[in-house]
Amino acid sequence: MFQPEFEKLDRSDLTVLQLERLKKTVHTIQTKNEFYAAKINNIAAADITDLSDIQQFPFMTKDDLRDGYPYTYSC
């Protein structure tokens, strides 16, 4: 889907948008899904200051997804 307002952003503006959305996603996880919050080591939105902080997140495996199916990871 073509979204010119996002696809034409400068790199710095895109980074700001991505960081904002990452923080919002982590906040949603923290407030609505205790299981998944524990899975990501209780990382809070306030802990994220840069996009490189995404490296703090653990990998998920197929077993994690199987164990959590169908409702464990939903918000």
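Before reading on, note that the structure itself is shown above.
Residues numbered from 1 in each chain as written. Predicted model: local features only at pLDDT ≥ 70, side-chain atom pairs only at ≥ 80, totals over all residues. Heavy atoms only, no water.

Asks: How should I be thinking about the overall build of the chain in this particular structure?
Replies: Looking only at helices and strands, one finds four helices and zero strands in the chain. Put simply, the chain runs from its N terminus to its C terminus through helices and strands in the order α-α-α-α. In terms of overall dimensions, the chain is more spread out than a globule: its C-alpha atoms have a radius of gyration of 15 Å, far above the 11 Å expected for 75 residues. In terms of its C-alpha atoms, the chain occupies a principal-axis envelope of roughly 40 × 30 × 20 Å. Burial statistics for the chain: of 75 residues in total, 23% are counted as buried. Long-range pairs, those at least 24 residues apart, make up 42% of the contacts in the chain with a sequence separation of at least 6. Surface accessibility of the chain: about 6,000 Å² in total, with carbon and sulfur atoms responsible for 54%. One way to put it: in the chain the 9 positive side-chain charges average out to a point 5 Å from where the 12 negative ones average out. (Helix = DSSP H or I, 4+ residues; strand = E, 2+ residues; numbered from the N terminus. Rg over C-alpha atoms; globule rule 2.2 N^0.38 Å. Buried < 20%, exposed > 50% of the residue type's maximum accessible area, 1.4 Å probe, protein only. Contact = heavy atoms within 4.5 Å. Areas by Shrake-Rupley, 256 points an atom, 1.4 Å probe, with all protein chains shown as cover. Lys, Arg positive; Asp, Glu negative; His and termini not counted. Charge placed at Lys NZ, Arg CZ, Asp CG, Glu CD.)

Asks: Even after reading the chapter, I still don't get the environment of N41, so can you show me in this structure?
Replies: Relative to the helices and strands, N41 resides in the loop between α3 (34–39) and α4 (62–68). For the pair N41 and Q56, spaced 15 residues apart in sequence, the C-alpha to C-alpha distance is 8.7 Å. Among all residues touching N41, those that are not within four sequence positions of it are Q56 and P58.

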